[in-house]
Amino acid sequence: MFAYRGDDYFAESVRVRDLAEACGTPFYCYSRAGIETAYRRYETAFRGLDVAICYALKANSNQAIIGLLAELGAGADVVSGGELRRALRARVAPEKIVFAGVAKTAPEIELALDAGIRQFNVESVPELEAISRIAAGRGQEAVVAFRINPDVDAHTHEKISTGKSEDKFGIPWRSARAAYRHAATLPGIRIAGVAMHIGSQILSLDPYAQAFGRIADLVADLRADGHAIDTIDLGGGLGVAYSNDQPSPPSANEYADLVRQTLGHLDCRFVIEPGRSIVAMAGVLVSRVIYVKEGSARQFLIIDAAMNDFLRPSMYGAYHHIAPAKRNGGPGVAYDVVGPVCETGDTFARNRTLPEQAAGDFVAIEGAGAYGSVMASGYNTRLNAPEILVAGDDYRVIRKRPDYDSLIDLDFVWGDGEKTC
Ligand SMILES: *Cc1c(COP(=O)(O)O)cnc(C)c1O
């Protein structure tokens, strides 16, 4: 995927410095082989089980990447009408699309019913009632699974933990039987199964084992109550190795073995929704050094990427490896690597030892394929970084850099503004 050949950093067989010179910086660079390999790992691991691999679009929703995964056979996990539109445009088969999220609106529910998606993962009773009303009103049947909150601690960052009782997601597993009983009385609803998703960047199988145990018990109870449960959606969340100092994440094989052991006897179809583990390590953010600044206490490496391009370091305190596009054999210098945005939080790394850098050099922030480009903002009126997909010795721009005029033209001065949005 990304590695040195000699002293030069390569994306597959393309020298990253050549890309930077051709396209300007900053930009995201993805490896097609990296994405494909990660997807195939799940496919291989789950062989023998009836599984739909529904890629979680929110990790990276570039049309080229969704399309590549759709060609490999992936479905999609979407959390908004926008993502649903992206999945359909990328030719993901509707019968492989699941729709999650706590706040599906009426237009989104109608869009999903029009498309004929596989399943709504329902997060509350009021949402279930809205889906029932809309589907019944159109003479349709919506296929639903309740997202169960199994109340387990995924031991991940608090902002991306979703399976504890205090999190906003799903319905508490203790109220699940009552919710299914209610669902069975509603028109326009067909109950297909149960769903869960306990968080992201999960680095141990233990929380999964606990949650799967609760789900297995619940499936037995629901069947005893007379519901036809034939699908279990396990969500996503498997972590990746951003750093050598963290526990290494479970492999897709270990994860699939746990599914076999804990849920295999239930004779269900499975859905899995991996996002991060498919794309994170298949992407880097390439940036140019603007200045090297001698602070009184530190050396700052000021680069042209910022927190608006890649939020994870400032939002989650996330560690990301930084690779210079050209290595030199020198002893290395400890830098604080920072962006141009007017916030101290616009820091990618503190006290990071890199080969000595000079203005004009390029660096690659690794592990940036997931929750990178999708979380970009326009803060400081910075243009969103374009995206490049590399395949072997070839590459294509898969998202262009926007231009300032079209950005600024979205605004109207008072006299030109209208009354509707
Ligand atoms: C975010 C999300 C995923 C994907 O999580 P990853 O950690 O990226 O694998 C899957 N399912 C749901 C419902 C999600 O919200």
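Because the structure is a prediction, the values reported are computed rather than measured.

**As for the overall build of the chain**
Then, number 1: Looking only at helices and strands, one finds twelve helices and 21 strands in the chain.
Then, number 2: The C-alpha atoms of the chain give a radius of gyration of 23 Å, which matches the 22 Å a tight globule of 421 residues would have.
Then, number 3: In terms of overall dimensions, the chain has C-alpha extents of about 70 × 60 × 40 Å along its principal axes.
Then, number 4: Here the chain holds 421 residues, and the buried ones make up 52% of them.
Then, number 5: For the chain, long-range pairs separated by at least 24 residues make up 69% of all intrachain contacts whose partners lie at least 6 apart in sequence.
Then, number 6: When the 44 basic and 53 acidic side-chain charges of the chain are each reduced to a single mean position, those positions are 1 Å apart.

**Remarks on the domain arrangement of the chain**
Then, number 1: As assigned here, the chain comprises domain 1 (2-29 + 280-408) and domain 2 (101-272).
Then, number 2: The C-alpha centroid of domain 2 is placed 36 Å from the C-alpha centroid of domain 1.
Then, number 3: Across the boundary between the two partners, domain 1 contributes ten residues, which contact eight residues of domain 2.
Then, number 4: Approximately 730 Å² of surface area, both sides summed, lies buried where domain 1 meets domain 2, with 64% of it carried by carbon and sulfur atoms.
Then, number 5: In terms of surface lost to domain 2, no three residues of domain 1 exceed Met281, Tyr316 and Tyr319, which account for 56% of the buried area on that side.
Then, number 6: Our count for the contact surface shared by domain 1 and domain 2 stands at zero salt bridges.
Then, number 7: Where domain 1 packs against domain 2, one counts two residue pairs in polar contact (both at pLDDT 80 or more).
Then, number 8: Considered class by class, the residues forming the side of domain 1 that touches domain 2 number six nonpolar, three polar and one charged.

**Brief notes about the pattern of salt bridges**
Then, number 1: A complete count under the given rule lists 19 salt bridges for this structure.
Then, number 2: With a closest N to O distance of 3.9 Å, Asp8 and Arg17 form a salt bridge.
Then, number 3: Note on Arg17: relative accessible area 23%, which makes it partly exposed.
Then, number 4: Put simply, Asp8, Arg15, Arg17, Asp18 and Lys326 are held in one network by salt bridges that share partners.

**Thoughts on the pairing of strand E21 (residues 394-399)**
Then, number 1: Both strand E20 (residues 387-391) and E21 contribute to a ladder of five bridges, which runs antiparallel. Note that in E21 the partner of Glu387 across the bridge is Arg399.

**Remarks on the site of the ligand**
Then, number 1: Around the ligand lies a shell of 14 residues, among which Lys58, Ser200, Glu273, Arg276 and Tyr371 are the nearest.
Then, number 2: At 2.9 Å, a backbone N or O of Gly275 approaches an oxygen atom of the ligand.
Then, number 3: With respect to the ligand, the side chain of Tyr371 contributes an N or O atom lying 2.6 Å from an oxygen atom.
Then, number 4: Classifying every residue of the shell around the ligand gives four nonpolar, five polar and five charged.

**A short note on the sheet that holds strand E3 (residues 14-15)**
Then, number 1: Reading across the sheet, the three strands line up as E1-E2-E3 and stay open at both edges, with antiparallel pairing between neighbours. Strands at the two margins of the open sheet, each flanked by one partner only, are strand E1 (2-5) and E3.
Then, number 2: Here E1 runs beside strand E2 (residues 8-11); their pairing, made up of four bridges, is antiparallel. Within E2, the position partnered with Arg5 by the bridge is Asp8.

**A closer look at the side chain of Asn308**
Then, number 1: Its location among the elements puts Asn308 in the loop between strand E15 (299-303) and helix H11 (312-316).
Then, number 2: Within the structure, the side chain of Asn308 is placed 2.6 Å from the side chain of Arg382, a separation counted as a polar contact.
Then, number 3: Once residues within four sequence positions are removed from consideration, Asn308 is found in contact with Val341, Met375, Ala376, Ser377, Tyr379, Arg382 and Asn384.

**Overview of the packing of helix H6 (residues 125-137) against helix H7 (residues 176-185)**
Then, number 1: Following both chains from N to C, one finds H6 and H7 inclined at 15 degrees, their axes separated by 11 Å at the closest point. Judged on the interaxial angle alone, H7 and H6 are roughly parallel. Every pair of crossing elements has a handedness; the one defined by H6 and H7 is right-handed. From H6, Val125, Leu128 and Glu129 reach across to H7, where they touch Ala179, His182 and Ala183.

**Here we look at the environment of Asn121**
Then, number 1: One can find Asn121 in strand E8 (residues 119-122).
Then, number 2: For Asn121, a relative accessible area of 3% corresponds to the buried category.
Then, number 3: The residues touching Asn121, leaving out its near neighbours within four places in the chain, are Val98, Phe99, Ala100, Lys104, Glu127, Ala145, Ala195, Asp233 and Glu273.
Then, number 4: Of the polar contacts made by the side chain of Asn121, one reaches the side chain of Glu273; its length is 3.4 Å.

**A few points about the packing of helix H8 (residues 206-224) against helix H9 (residues 252-263)**
Packed helices, taken two at a time, are described by their axes: the angle between them and the distance between them.
Then, number 1: Running from N to C, H8 and H9 cross one another at 30 degrees; their axes reach a closest spacing of 10 Å. When the interaxial angle is binned, H8 and H9 end up roughly parallel. Considering the relative orientation of H8 and H9, their crossing is right-handed. Residues Tyr208, Ala209, Phe212, Ile215 and Ala216 of H8 touch H9, and the partners they reach there are Tyr255, Leu258, Val259, Thr262 and Leu263.
Then, number 2: Classifying every residue of the contact of H8 with H9 by side-chain character gives nine nonpolar, one polar and no charged.

**Concerning a negative patch on the surface**
Then, number 1: Judged by side-chain charge, Asp403, Asp405, Asp409 and Asp411 come together as a negatively charged surface patch.
Then, number 2: Among the secondary structure elements, Asp405 is positioned in helix H12 (residues 404-408).
Then, number 3: We classify Asp405 as exposed; its relative accessible area is 55%.

Criteria and thresholds
Residues numbered from 1 in each chain as written. Predicted model: local features only at pLDDT ≥ 70, side-chain atom pairs only at ≥ 80, totals over all residues. Heavy atoms only, no water. Helix = DSSP H or I, 4+ residues; strand = E, 2+ residues; numbered from the N terminus. Rg over C-alpha atoms; globule rule 2.2 N^0.38 Å. Buried < 20%, exposed > 50% of the residue type's maximum accessible area, 1.4 Å probe, protein only. Contact = heavy atoms within 4.5 Å. Lys, Arg positive; Asp, Glu negative; His and termini not counted. Charge placed at Lys NZ, Arg CZ, Asp CG, Glu CD. Domains from an automatic or database assignment. Buried area = accessible area lost by both parts, 1.4 Å probe. Salt bridge = Lys/Arg side-chain N within 4 Å of Asp/Glu carboxyl O. Polar contact = N/O pair within 3.5 Å; in protein donor to acceptor, adjacent residues only side chain to side chain. Nonpolar A, V, L, I, M, F, W, Y, C, P; charged D, E, K, R; others polar. Pairing = 2+ DSSP bridges. Near = heavy atom within 4 Å. Axes fitted to C-alpha atoms, helices over the stretch in contact; angles between N-to-C directions. Parallel < 35°, antiparallel > 145°, perpendicular 65-115°, else oblique. Left-handed = near helix turned anticlockwise from the far one by under 90°. Patch = residues over 30% accessible without salt bridge, like charges linked within 9 Å, V, L, I, M, F, W, Y side chains within 5 Å. Areas by Shrake-Rupley, 256 points an atom, 1.4 Å probe, with all protein chains shown as cover.

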